[in-house]
Amino acid sequence: MMLSSRRSFLAASGAAALTGALAAPASAEKIVRGVFVNGDRPLVAFPQKRALMVLTPRPPQLETPFAVFDEGVFTPNDAFFVRWHLSDIPTSIDAAKHRIRVTGAVDKALSLSIADLRRMPSVEIAAVNQCSGNSRGFFDPRPAGGQWQNGAMGNALWKGVRLKDVLSRAGLKADAKQVQFNGLERPALPATPDFKKSLDVDIARGEDVIVAYEMNGKPMPLLNGYPVRLIVPGWYSTYWVKMLSDITVLDHVDDQFWMKTAYRIPDTPNHSVSPTDKDYPTVPINRMVVRSFVTNVTDGQSMKAGRTTVRGIAFDGGSGIKSVEISSDGGTTWAPAALERDFGKYSFRRWNADVALEGGKSYTFACRAVANDGDTQTATPIWNPGGYMRNEIQTYKVTVT
Ligand SMILES: Nc1nc2c(c(=O)[nH]1)N[C@H]1C(S)=C(S)[C@@H](COP(=O)(O)O)O[C@H]1N2
Ligand SMILES: [Mo]
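Computed from a prediction, not measured in an experiment: that's the story for all the values here.

With that out of the way, let us pick up the pattern of salt bridges. For the structure on display, the rule yields 16 salt bridges. Residue Asp342 is joined to Arg349 by a salt bridge in which the shortest nitrogen-to-oxygen separation is 3.9 Å. The class for Asp342 is partly exposed, based on a relative accessible area of 48%. Take Arg349: its relative accessible area is 16%, and that puts it in the buried class. Of the charged contacts in the structure, one is a salt bridge between Lys361 and Glu358, with a shortest N-O distance of 3.8 Å. Each of Arg50, Glu71 and Asp78 takes part in one network of salt bridges that share partners.

Written as C-alpha coordinates, this is what we have:
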(Lines give C-alpha, C1' and ligand atoms only; values in the text may rest on other atoms or scores of the structure.)
(Ligands and ions follow the chains in the order given, each with its own letter.)
Protein backbone atom coordinates (compact mmCIF):
# COMPACT_ATOMS: atom_id res chain seq x y z
CA MET A 1 0.00 0.00 0.00
CA MET A 2 1.08 3.54 -0.72
CA LEU A 3 2.92 5.30 2.10
CA SER A 4 3.33 2.07 4.01
CA SER A 5 7.05 2.65 4.36
CA ARG A 6 6.83 4.53 7.63
CA ARG A 7 10.59 4.78 8.10
CA SER A 8 11.44 6.92 5.07
CA PHE A 9 8.29 8.92 5.67
CA LEU A 10 9.29 9.62 9.27
CA ALA A 11 12.89 10.39 8.48
CA ALA A 12 12.04 13.09 6.01
CA SER A 13 9.07 14.88 7.46
CA GLY A 14 10.45 15.89 10.85
CA ALA A 15 9.61 13.94 13.98
CA ALA A 16 7.65 16.70 15.74
CA ALA A 17 4.69 16.57 13.42
CA LEU A 18 4.51 12.80 13.51
CA THR A 19 3.78 11.84 17.09
CA GLY A 20 0.21 11.00 16.09
CA ALA A 21 1.29 8.76 13.26
CA LEU A 22 3.50 6.65 15.52
CA ALA A 23 0.67 5.76 17.85
CA ALA A 24 -1.93 5.22 15.17
CA PRO A 25 -3.14 1.71 14.27
CA ALA A 26 -2.41 0.71 10.69
CA SER A 27 -5.16 -1.83 10.26
CA ALA A 28 -8.82 -1.44 9.43
CA GLU A 29 -10.51 -2.16 12.73
CA LYS A 30 -13.83 -0.57 12.00
CA ILE A 31 -16.17 0.04 9.13
CA VAL A 32 -18.35 3.10 8.70
CA ARG A 33 -21.62 1.77 7.31
CA GLY A 34 -22.79 3.22 4.04
CA VAL A 35 -25.55 5.79 3.79
CA PHE A 36 -25.89 4.82 0.12
CA VAL A 37 -25.37 1.60 -1.84
CA ASN A 38 -21.69 0.48 -1.84
CA GLY A 39 -20.94 3.12 0.77
CA ASP A 40 -19.28 1.02 3.50
CA ARG A 41 -15.83 2.46 4.27
CA PRO A 42 -13.03 0.91 6.31
CA LEU A 43 -11.49 3.28 8.87
CA VAL A 44 -7.71 3.32 8.47
CA ALA A 45 -5.03 5.61 9.93
CA PHE A 46 -2.50 6.73 7.31
CA PRO A 47 0.75 8.48 8.37
CA GLN A 48 0.06 11.72 10.30
CA LYS A 49 -3.67 10.91 10.22
CA ARG A 50 -6.19 9.48 12.62
CA ALA A 51 -8.45 6.70 11.29
CA LEU A 52 -10.37 8.08 8.29
CA MET A 53 -12.80 6.52 5.83
CA VAL A 54 -10.90 4.96 2.93
CA LEU A 55 -12.38 5.36 -0.58
CA THR A 56 -9.18 4.20 -2.29
CA PRO A 57 -5.80 3.52 -0.67
CA ARG A 58 -3.78 4.26 -3.82
CA PRO A 59 -3.95 7.05 -4.69
CA PRO A 60 -5.11 7.93 -1.17
CA GLN A 61 -8.68 9.20 -0.97
CA LEU A 62 -9.66 9.52 2.69
CA GLU A 63 -12.89 11.00 4.00
CA THR A 64 -13.41 12.81 7.31
CA PRO A 65 -16.07 11.09 9.48
CA PHE A 66 -18.85 13.67 9.76
CA ALA A 67 -18.87 13.79 13.59
CA VAL A 68 -15.50 15.59 13.39
CA PHE A 69 -17.30 18.70 12.13
CA ASP A 70 -19.10 18.96 15.47
CA GLU A 71 -15.77 19.18 17.37
CA GLY A 72 -15.04 22.79 16.45
CA VAL A 73 -14.93 25.32 13.65
CA PHE A 74 -11.50 24.17 12.43
CA THR A 75 -10.89 20.66 11.16
CA PRO A 76 -7.84 19.12 12.88
CA ASN A 77 -4.94 18.36 10.52
CA ASP A 78 -4.96 14.67 11.41
CA ALA A 79 -8.70 14.43 10.59
CA PHE A 80 -8.58 16.48 7.38
CA PHE A 81 -9.74 14.63 4.26
CA VAL A 82 -7.23 13.59 1.59
CA ARG A 83 -7.57 13.35 -2.14
CA TRP A 84 -4.91 12.62 -4.79
CA HIS A 85 -5.42 11.80 -8.46
CA LEU A 86 -2.12 10.14 -9.28
CA SER A 87 -0.51 7.28 -7.45
CA ASP A 88 3.18 8.22 -7.72
CA ILE A 89 3.28 10.56 -4.70
CA PRO A 90 6.59 11.24 -2.93
CA THR A 91 6.51 9.52 0.46
CA SER A 92 9.32 11.66 1.81
CA ILE A 93 10.20 15.28 1.12
CA ASP A 94 13.19 17.29 2.26
CA ALA A 95 11.57 20.70 2.75
CA ALA A 96 14.98 22.40 2.87
CA LYS A 97 15.66 21.27 -0.69
CA HIS A 98 12.19 21.99 -2.04
CA ARG A 99 11.93 24.76 -4.63
CA ILE A 100 9.03 26.48 -6.35
CA ARG A 101 9.99 27.46 -9.87
CA VAL A 102 8.21 30.43 -11.42
CA THR A 103 8.64 30.43 -15.19
CA GLY A 104 6.85 31.17 -18.48
CA ALA A 105 5.59 34.62 -19.47
CA VAL A 106 7.57 36.43 -16.74
CA ASP A 107 10.33 39.05 -16.79
CA LYS A 108 12.49 37.09 -14.38
CA ALA A 109 12.25 33.36 -13.63
CA LEU A 110 12.39 32.51 -9.92
CA SER A 111 13.36 29.52 -7.83
CA LEU A 112 12.03 29.99 -4.30
CA SER A 113 12.81 27.93 -1.21
CA ILE A 114 10.48 27.64 1.78
CA ALA A 115 12.96 29.91 3.62
CA ASP A 116 12.55 32.50 0.83
CA LEU A 117 8.78 32.34 1.30
CA ARG A 118 9.10 32.68 5.08
CA ARG A 119 11.08 35.91 4.59
CA MET A 120 8.21 37.46 2.61
CA PRO A 121 5.19 39.18 4.29
CA SER A 122 2.78 36.50 5.49
CA VAL A 123 -0.99 36.24 5.74
CA GLU A 124 -3.24 33.75 7.51
CA ILE A 125 -6.75 33.03 6.25
CA ALA A 126 -9.49 30.69 7.47
CA ALA A 127 -10.87 28.87 4.43
CA VAL A 128 -12.92 25.81 3.57
CA ASN A 129 -11.19 23.27 1.35
CA GLN A 130 -13.97 21.30 -0.37
CA CYS A 131 -13.62 18.73 -3.14
CA SER A 132 -15.73 19.52 -6.23
CA GLY A 133 -17.20 16.03 -5.87
CA ASN A 134 -18.03 16.21 -2.17
CA SER A 135 -21.35 14.31 -1.65
CA ARG A 136 -21.08 12.68 -5.11
CA GLY A 137 -22.26 9.33 -3.71
CA PHE A 138 -25.73 10.81 -3.18
CA PHE A 139 -26.22 11.58 -6.90
CA ASP A 140 -28.88 9.53 -8.65
CA PRO A 141 -27.98 8.12 -11.12
CA ARG A 142 -24.49 7.73 -9.69
CA PRO A 143 -21.72 9.40 -11.75
CA ALA A 144 -18.21 7.92 -11.98
CA GLY A 145 -15.64 9.27 -9.52
CA GLY A 146 -14.95 9.15 -5.79
CA GLN A 147 -18.14 8.14 -4.00
CA TRP A 148 -17.88 10.65 -1.18
CA GLN A 149 -20.49 11.19 1.51
CA ASN A 150 -20.35 14.76 2.93
CA GLY A 151 -16.87 14.60 4.46
CA ALA A 152 -14.65 15.61 1.51
CA MET A 153 -14.32 19.05 3.04
CA GLY A 154 -12.60 20.77 5.95
CA ASN A 155 -11.91 24.22 7.36
CA ALA A 156 -8.40 25.33 8.35
CA LEU A 157 -6.25 28.37 8.99
CA TRP A 158 -3.82 28.62 6.09
CA LYS A 159 -0.66 30.69 6.47
CA GLY A 160 1.69 31.66 3.69
CA VAL A 161 2.47 34.40 1.20
CA ARG A 162 0.19 36.06 -1.30
CA LEU A 163 0.55 34.52 -4.75
CA LYS A 164 0.33 38.03 -6.21
CA ASP A 165 3.50 38.99 -4.28
CA VAL A 166 5.31 35.99 -5.78
CA LEU A 167 4.02 36.89 -9.26
CA SER A 168 5.04 40.52 -8.94
CA ARG A 169 8.57 39.48 -7.94
CA ALA A 170 8.74 37.56 -11.22
CA GLY A 171 6.95 40.30 -13.18
CA LEU A 172 4.17 39.24 -15.55
CA LYS A 173 4.65 39.86 -19.27
CA ALA A 174 1.89 41.82 -21.03
CA ASP A 175 0.58 38.69 -22.79
CA ALA A 176 0.14 36.66 -19.55
CA LYS A 177 -3.30 34.96 -19.63
CA GLN A 178 -3.33 32.20 -17.05
CA VAL A 179 -1.14 30.86 -14.27
CA GLN A 180 -0.62 27.09 -14.16
CA PHE A 181 0.24 25.09 -11.03
CA ASN A 182 1.90 21.69 -10.74
CA GLY A 183 2.90 19.56 -7.77
CA LEU A 184 5.62 16.99 -7.16
CA GLU A 185 3.64 13.80 -7.78
CA ARG A 186 3.64 12.05 -11.13
CA PRO A 187 1.38 9.62 -12.97
CA ALA A 188 2.22 5.94 -12.59
CA LEU A 189 1.82 5.44 -16.34
CA PRO A 190 3.19 7.77 -19.03
CA ALA A 191 -0.21 7.81 -20.78
CA THR A 192 -1.85 9.51 -17.78
CA PRO A 193 -1.70 13.32 -17.95
CA ASP A 194 0.22 14.98 -15.10
CA PHE A 195 -2.13 16.83 -12.71
CA LYS A 196 -1.96 20.58 -13.41
CA LYS A 197 -4.51 23.33 -12.80
CA SER A 198 -4.71 26.92 -14.03
CA LEU A 199 -6.32 30.17 -12.95
CA ASP A 200 -6.96 33.31 -14.98
CA VAL A 201 -4.35 35.97 -14.19
CA ASP A 202 -6.97 38.19 -12.51
CA ILE A 203 -8.03 35.37 -10.18
CA ALA A 204 -4.43 34.34 -9.48
CA ARG A 205 -3.58 37.93 -8.51
CA GLY A 206 -6.55 38.09 -6.11
CA GLU A 207 -5.93 39.41 -2.61
CA ASP A 208 -6.59 36.10 -0.85
CA VAL A 209 -4.89 33.48 -3.03
CA ILE A 210 -1.93 32.19 -1.03
CA VAL A 211 1.03 29.88 -1.30
CA ALA A 212 0.64 28.25 2.11
CA TYR A 213 3.29 26.55 4.25
CA GLU A 214 1.19 26.18 7.42
CA MET A 215 -2.18 24.63 8.21
CA ASN A 216 -3.76 25.34 11.61
CA GLY A 217 -0.43 26.68 12.90
CA LYS A 218 1.67 23.69 11.88
CA PRO A 219 3.40 22.39 8.77
CA MET A 220 0.69 20.58 6.83
CA PRO A 221 0.57 16.78 6.76
CA LEU A 222 2.40 15.30 3.78
CA LEU A 223 -0.88 13.97 2.43
CA ASN A 224 -2.34 17.52 2.48
CA GLY A 225 0.52 18.90 0.42
CA TYR A 226 3.62 19.32 2.59
CA PRO A 227 5.72 21.42 2.35
CA VAL A 228 3.66 24.00 0.43
CA ARG A 229 0.34 24.20 -1.39
CA LEU A 230 -1.87 26.70 -3.16
CA ILE A 231 -4.97 28.04 -1.36
CA VAL A 232 -7.75 29.55 -3.48
CA PRO A 233 -10.33 30.61 -0.87
CA GLY A 234 -13.93 30.27 -2.03
CA TRP A 235 -13.00 27.97 -4.94
CA TYR A 236 -13.34 24.20 -5.09
CA SER A 237 -10.11 22.57 -3.99
CA THR A 238 -9.22 21.06 -7.36
CA TYR A 239 -7.23 24.31 -7.79
CA TRP A 240 -5.52 24.03 -4.39
CA VAL A 241 -2.45 22.29 -5.85
CA LYS A 242 -0.47 20.37 -3.22
CA MET A 243 3.33 19.89 -2.97
CA LEU A 244 3.48 22.92 -5.25
CA SER A 245 6.67 22.86 -7.33
CA ASP A 246 5.92 24.79 -10.52
CA ILE A 247 4.12 28.02 -11.26
CA THR A 248 4.04 28.61 -15.01
CA VAL A 249 2.66 31.81 -16.45
CA LEU A 250 0.88 30.99 -19.73
CA ASP A 251 0.32 33.32 -22.68
CA HIS A 252 -2.75 31.26 -23.62
CA VAL A 253 -5.72 29.52 -22.00
CA ASP A 254 -4.56 26.19 -20.59
CA ASP A 255 -5.70 23.41 -22.93
CA GLN A 256 -4.34 20.35 -21.15
CA PHE A 257 -6.57 17.54 -19.88
CA TRP A 258 -7.25 18.77 -16.31
CA MET A 259 -8.61 22.10 -17.59
CA LYS A 260 -10.05 21.31 -21.01
CA THR A 261 -11.67 17.95 -20.29
CA ALA A 262 -11.83 17.26 -16.56
CA TYR A 263 -13.47 19.39 -13.86
CA ARG A 264 -15.90 21.15 -16.15
CA ILE A 265 -19.47 21.98 -15.19
CA PRO A 266 -22.53 22.57 -17.36
CA ASP A 267 -23.01 26.28 -18.02
CA THR A 268 -26.72 25.90 -17.20
CA PRO A 269 -28.94 27.03 -14.27
CA ASN A 270 -27.54 25.55 -11.03
CA HIS A 271 -24.97 23.75 -13.24
CA SER A 272 -27.55 21.02 -13.52
CA VAL A 273 -28.57 18.89 -16.52
CA SER A 274 -30.63 15.79 -17.03
CA PRO A 275 -28.62 12.54 -17.39
CA THR A 276 -29.72 12.26 -21.03
CA ASP A 277 -28.79 15.85 -22.03
CA LYS A 278 -25.97 16.31 -24.54
CA ASP A 279 -24.21 19.19 -26.28
CA TYR A 280 -24.61 21.81 -23.57
CA PRO A 281 -21.83 24.35 -22.99
CA THR A 282 -19.39 23.76 -20.12
CA VAL A 283 -16.97 25.94 -18.14
CA PRO A 284 -14.16 25.06 -15.72
CA ILE A 285 -15.51 24.57 -12.18
CA ASN A 286 -14.82 27.61 -10.02
CA ARG A 287 -16.52 29.13 -6.95
CA MET A 288 -18.28 27.01 -4.37
CA VAL A 289 -22.03 27.17 -3.84
CA VAL A 290 -23.53 27.77 -0.41
CA ARG A 291 -24.12 24.77 1.89
CA SER A 292 -25.18 24.05 5.46
CA PHE A 293 -25.24 20.94 7.63
CA VAL A 294 -26.39 19.88 11.08
CA THR A 295 -23.37 18.48 12.93
CA ASN A 296 -24.83 17.12 16.19
CA VAL A 297 -27.78 15.12 14.85
CA THR A 298 -27.65 12.27 12.35
CA ASP A 299 -30.44 11.13 10.07
CA GLY A 300 -32.46 8.35 11.68
CA GLN A 301 -31.27 9.08 15.21
CA SER A 302 -33.49 8.92 18.31
CA MET A 303 -33.53 11.90 20.71
CA LYS A 304 -34.78 12.68 24.21
CA ALA A 305 -37.90 14.80 24.85
CA GLY A 306 -37.39 18.38 26.06
CA ARG A 307 -35.50 21.44 24.91
CA THR A 308 -32.30 20.79 23.00
CA THR A 309 -29.85 22.63 20.79
CA VAL A 310 -29.40 21.70 17.16
CA ARG A 311 -26.12 23.04 15.79
CA GLY A 312 -24.14 22.95 12.60
CA ILE A 313 -22.01 24.70 10.01
CA ALA A 314 -22.54 26.80 6.88
CA PHE A 315 -20.17 28.16 4.22
CA ASP A 316 -20.20 29.51 0.68
CA GLY A 317 -17.95 30.62 -2.16
CA GLY A 318 -16.48 33.59 -0.34
CA SER A 319 -19.19 36.18 0.28
CA GLY A 320 -19.81 34.90 3.81
CA ILE A 321 -22.97 33.58 5.46
CA LYS A 322 -25.86 36.00 5.83
CA SER A 323 -28.35 33.74 7.60
CA VAL A 324 -29.18 30.16 8.49
CA GLU A 325 -32.69 28.90 9.13
CA ILE A 326 -33.85 25.68 10.69
CA SER A 327 -37.04 23.70 10.26
CA SER A 328 -38.37 20.90 12.48
CA ASP A 329 -41.14 19.89 10.09
CA GLY A 330 -39.17 19.00 6.98
CA GLY A 331 -39.16 22.50 5.54
CA THR A 332 -42.78 23.66 5.94
CA THR A 333 -41.95 26.29 8.57
CA TRP A 334 -38.59 27.90 9.28
CA ALA A 335 -37.02 29.79 12.19
CA PRO A 336 -33.75 31.72 12.27
CA ALA A 337 -30.67 30.05 13.79
CA ALA A 338 -28.09 32.07 15.76
CA LEU A 339 -24.79 32.58 13.92
CA GLU A 340 -21.70 32.02 16.06
CA ARG A 341 -18.27 33.70 15.83
CA ASP A 342 -17.22 34.93 12.39
CA PHE A 343 -13.77 33.69 11.32
CA GLY A 344 -13.96 35.40 7.94
CA LYS A 345 -15.94 35.06 4.76
CA TYR A 346 -14.23 31.84 3.57
CA SER A 347 -14.54 29.93 6.86
CA PHE A 348 -17.11 27.50 8.22
CA ARG A 349 -19.63 29.56 10.19
CA ARG A 350 -21.04 27.70 13.16
CA TRP A 351 -24.71 28.21 14.04
CA ASN A 352 -27.17 26.88 16.62
CA ALA A 353 -30.90 26.84 17.31
CA ASP A 354 -33.02 25.77 20.28
CA VAL A 355 -35.81 23.32 19.58
CA ALA A 356 -38.49 21.74 21.80
CA LEU A 357 -39.11 18.03 21.28
CA GLU A 358 -42.22 16.15 22.45
CA GLY A 359 -41.99 12.51 23.47
CA GLY A 360 -43.43 9.97 21.05
CA LYS A 361 -43.23 12.30 18.06
CA SER A 362 -40.92 12.31 15.09
CA TYR A 363 -39.38 15.39 13.51
CA THR A 364 -37.53 16.15 10.31
CA PHE A 365 -34.93 18.83 10.81
CA ALA A 366 -33.75 20.78 7.81
CA CYS A 367 -31.29 23.65 7.55
CA ARG A 368 -30.76 26.19 4.82
CA ALA A 369 -28.23 28.99 4.50
CA VAL A 370 -28.23 32.21 2.49
CA ALA A 371 -24.91 33.76 1.51
CA ASN A 372 -24.20 37.50 1.53
CA ASP A 373 -24.18 37.48 -2.29
CA GLY A 374 -27.74 36.06 -2.27
CA ASP A 375 -26.77 32.47 -3.13
CA THR A 376 -29.23 29.90 -1.72
CA GLN A 377 -29.37 26.12 -1.46
CA THR A 378 -31.44 24.12 -3.92
CA ALA A 379 -34.70 22.52 -2.72
CA THR A 380 -34.13 19.47 -4.91
CA PRO A 381 -30.78 17.85 -5.82
CA ILE A 382 -28.98 18.99 -8.96
CA TRP A 383 -27.37 16.51 -11.37
CA ASN A 384 -24.33 16.74 -13.64
CA PRO A 385 -22.05 14.02 -15.04
CA GLY A 386 -19.09 15.03 -12.85
CA GLY A 387 -21.12 14.73 -9.65
CA TYR A 388 -20.02 18.26 -8.71
CA MET A 389 -21.41 21.15 -6.64
CA ARG A 390 -24.10 19.29 -4.71
CA ASN A 391 -25.84 21.65 -2.26
CA GLU A 392 -29.47 20.74 -1.70
CA ILE A 393 -31.11 21.41 1.65
CA GLN A 394 -30.22 18.55 4.01
CA THR A 395 -32.85 16.81 6.14
CA TYR A 396 -32.45 14.76 9.33
CA LYS A 397 -35.32 12.60 10.49
CA VAL A 398 -35.41 11.85 14.24
CA THR A 399 -37.77 10.07 16.61
CA VAL A 400 -38.24 11.31 20.17
CA THR A 401 -38.45 8.92 23.13
N1 LIG B 1 -0.64 18.03 -6.36
C2 LIG B 1 -1.95 17.78 -6.25
N3 LIG B 1 -2.74 18.70 -5.70
C4 LIG B 1 -4.06 18.49 -5.59
C5 LIG B 1 -4.66 17.30 -6.08
C6 LIG B 1 -3.81 16.33 -6.67
O7 LIG B 1 -4.24 15.26 -7.11
N8 LIG B 1 -2.47 16.61 -6.74
N9 LIG B 1 -6.02 17.12 -5.98
C10 LIG B 1 -6.85 18.31 -5.78
C11 LIG B 1 -8.19 17.98 -5.37
S12 LIG B 1 -9.27 17.48 -6.59
C13 LIG B 1 -8.61 18.08 -4.07
S14 LIG B 1 -10.20 17.71 -3.63
C15 LIG B 1 -7.69 18.61 -3.03
C16 LIG B 1 -7.73 17.79 -1.77
O17 LIG B 1 -6.97 18.41 -0.77
P18 LIG B 1 -6.56 17.63 0.51
O19 LIG B 1 -6.03 16.29 0.11
O20 LIG B 1 -5.59 18.46 1.26
O21 LIG B 1 -7.83 17.47 1.32
O22 LIG B 1 -6.35 18.67 -3.47
C23 LIG B 1 -6.22 19.24 -4.74
N24 LIG B 1 -4.83 19.44 -5.01
MO1 LIG C 1 -11.37 17.17 -5.60
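On we go from here.
Turning next to the packing of aromatic side chains. In this structure the tally under the stated criterion is 14 aromatic pairs. Aromatic side chains Phe74 and Phe343 sit 5.2 Å apart centroid to centroid with 75 degrees between the ring planes, which places their arrangement in the edge-to-face category. With Phe74 in the loop between strand E4 (61–63) and strand E5 (82–83) and Phe343 in the loop between strand E22 (338–339) and strand E23 (349–357), this residue pair connects regions lying 269 residues apart in the sequence. Given a relative accessible area of 22%, Phe74 falls into the partly exposed group. With relative accessibility at 28%, the residue Phe343 sits in the partly exposed group.

What counts, and at which threshold
- Residues numbered from 1 in each chain as written.
- Chains lettered and ligands numbered in written order.
- Predicted model: local features only at pLDDT ≥ 70, side-chain atom pairs only at ≥ 80, totals over all residues.
- Heavy atoms only, no water.
- Salt bridge = Lys/Arg side-chain N within 4 Å of Asp/Glu carboxyl O.
- Buried < 20%, exposed > 50% of the residue type's maximum accessible area, 1.4 Å probe, protein only.
- Phe/Tyr/Trp six-rings, centres within 6.5 Å; stacked < 30°, edge-to-face > 60°.
- Helix = DSSP H or I, 4+ residues; strand = E, 2+ residues; numbered from the N terminus.

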